[in-house]
Structures are given as C-alpha cells and as structure tokens.
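A structural walkthrough
If you want the building blocks of each chain, they are given just below.
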Amino acid sequence: MEVTFLGTGTSEGVPTILQPESVQLDVHNKKNWRTRTSIHVVMNDHHIQVDAGPEFRLQCIHNDIKKIDSFILTHSHSDHIIGMDDLRRFCRMRNGEAIPVYSQECDLNRVRDIFPYAIRDKAEGNYPAFKLHPMPDCLVLPGGKVYKTILPHGNFFVLGLVFEEEGSGKKLVYYIDCKSVPIPAMKMATGADIVVLDALRHREHFSHMSIDEALSVAREISGGQTWFVHMCCEVDHERDSASLPEGVGFAWDGMRLVL
Ligand SMILES: [Zn+2]
Ligand SMILES: [Zn+2]
C-alpha cells in the first residue's frame, strides 16, 4: 500500500490570504505551506483518489500522479469537491471511460449540480466523465477493500474510510473533517497500520476536532502510526510537533508512506 498526502491544510489553505500578524507561522518552512486536504492511495496498483480541492491539478503534477482508477468523495464542501473538473486528464488516460465516483447520495447530488456536463459514461471533447455510485458499506476494488463509516461534521455527515489492501492486509484509516469519532468508527479502526485524523488547531471548533480531541482518538485507536491533517494557519509544524507524543505527527504536503 502506498499513501501520498496531496494536501494537508484546512479549507482556506495555509498560509491564508491576509495571514493575521498575530499568528506565528514560519513561512520559510515548506511544511507550513498546506494545500487543501486530499490523499492518493495505491493498493496493488489500483489508484484511488480521495477528494479534489482547488489545488488538485498542482498536487497531481507535484506528486507525479499517473492514473486514477476510482474516486471517493468524503463530502461536498468546496475544499474537497471543487477540483473534480481536473479529473478530465485522467479520463483521457482511460480513453474517455468515466471515472467511478463514490460518495453519499446528498454529495453525489452536489456533483450533479456543479458538474452536470460530466455525468456520462464516456468523456466528450475536453470534459471529464463521472459514473456516480452510492458508497457501499464495503467497496470491493481490484486492489483491496474500502469500508465506510459515517462521521459528524457540524451540520453535515462525512464518509470515514478504512482501506484494506488485498494480500498484504495493510490497513489505513482516514477520518477527516469530523468533530468526533463515534464507537462504530472506532471499532472499524482497530489494528490499523496508519491512522489519519482531522486536527484543525489547538482551540476547539464546532465541526472539526482540535489537536487534543484528535490525540484522545489516536490514543484510543492506538494504530501503528498516526498522522494529523486539515491543520489551519495557527499550527506551526516545527513548534507544535515538539508537543506531540511519539508515533503521532503532523502530515505535510507531498509526504508519501509505503507499507
Ligand atoms: Zn475540509
Ligand atoms: Zn468539510
């Protein structure tokens, strides 16, 4: 299994436009430059893209993403959906065949609203093509399985994902944009090699976990390694990494894990 963190930042990106002077962020440290949160997972050469934010095109170029076989949308907030038009290049690499897109029904409706021209079996012209599917409880793909769970995110619910590679049995948990991790999701995460969690900032927020909240979830899951994502500009990589326990870290854009 291979996991590439294409982006690790919150919805407005880091640094933000008109970065507040009161916020101490070392902009000379590249790990503090966070594009919108998204990962690319490879299981036995099956390439799964999770979410596509505004910098999706640049993320693909910087990380040398060569193909996408399946696309999973965790939820339809702009920082996760708005880059989907750039899937067009990957459609072309499949001779125009539509990319399967998996999500909750309400989020598939948002895809229909924003990209009506892309809802087709075969790409036409320079447009992308999406074949929409409700995300099943267990998505069986050629390289392994992806299990879904539902996580609370303010007034929304998002897909929590657990990837399990066929053969190696390697397990990745991806719980982002969530205020908490309910018991069923905790159970699904048991025995994970990698746990990726939402950790917005030190202060509490109504729809995201704070660093302390994410740390207590990490302790309970106690996976092989835990990586935090979706951090805002109040989190300085070097300064705040120093206070994290062993086995837990802030992921950064371009980080790649091979299991
Ligand atoms: Zn988000
Ligand atoms: Zn969100």
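The paragraphs below set out a description of the structure included in this document. Quick caveat, the model's predicted, so the values are computed rather than measured.

1. Notes on the overall build of the protein
Counting secondary structure elements, the protein contains 7 helices and 14 strands. A compact globule built from 259 residues would reach a C-alpha radius of gyration of about 18 Å, and the protein, at 17 Å, matches this within 12%. Each of the three principal axes of the protein carries a C-alpha extent, and together these read 50 × 40 × 35 Å. Across the 259 residues in the protein, those meeting the buried criterion constitute 48%.

2. Looking at the nonpolar core
Among the nonpolar cores identified, the biggest contains 73 residues, and Tyr175 and Leu197 are the most heavily contacted of them. Ignoring anything within four residues of it in the chain, the contact list for tyrosine 175 reads Leu151, Gly160, Val181, Ala185, Val196, Leu197 and Asp198.

3. Considering the sheet that holds strand β4 (residues 70-72)
The strands making up a sheet associate through hydrogen bonds between their backbones, and the pairing can be parallel or antiparallel. Ordered in space as β6-β5-β4-β3-β2-β1-β14, the 7 strands form an open sheet in which the pairing is mixed. Of all the strands in the sheet, the pair left with one neighbour each is β6 (130-134) and β14 (256-258). Here the average twist between neighbouring strands, direction ignored, is 20°. Relative to β4, strand β3 (residues 46-50) runs parallel, the two being bridged by 3 bridges. Looking across to β4, one finds that isoleucine 48 is bridged to serine 70. The sheet strands contacting helix α4 (residues 105-114) are β5 (99-103) and β6, and the helix crosses β6 at an angle near 160°.

Thresholds, definitions, all that
- Residues numbered from 1 in each chain as written.
- Chains lettered and ligands numbered in written order.
- Predicted model: local features only at pLDDT ≥ 70, side-chain atom pairs only at ≥ 80, totals over all residues.
- Helix = DSSP H or I, 4+ residues; strand = E, 2+ residues; numbered from the N terminus.
- Rg over C-alpha atoms; globule rule 2.2 N^0.38 Å.
- Buried ≥ 20, exposed ≤ 12 C-beta atoms within 10 Å, placed from the backbone.
- Core = buried A, V, L, I, M, F, W, Y, C linked by C-beta atoms within 7 Å.
- Contact = placed C-beta atoms within 7 Å.
- Pairing = 2+ DSSP bridges.
- Axes fitted to C-alpha atoms, helices over the stretch in contact; angles between N-to-C directions.

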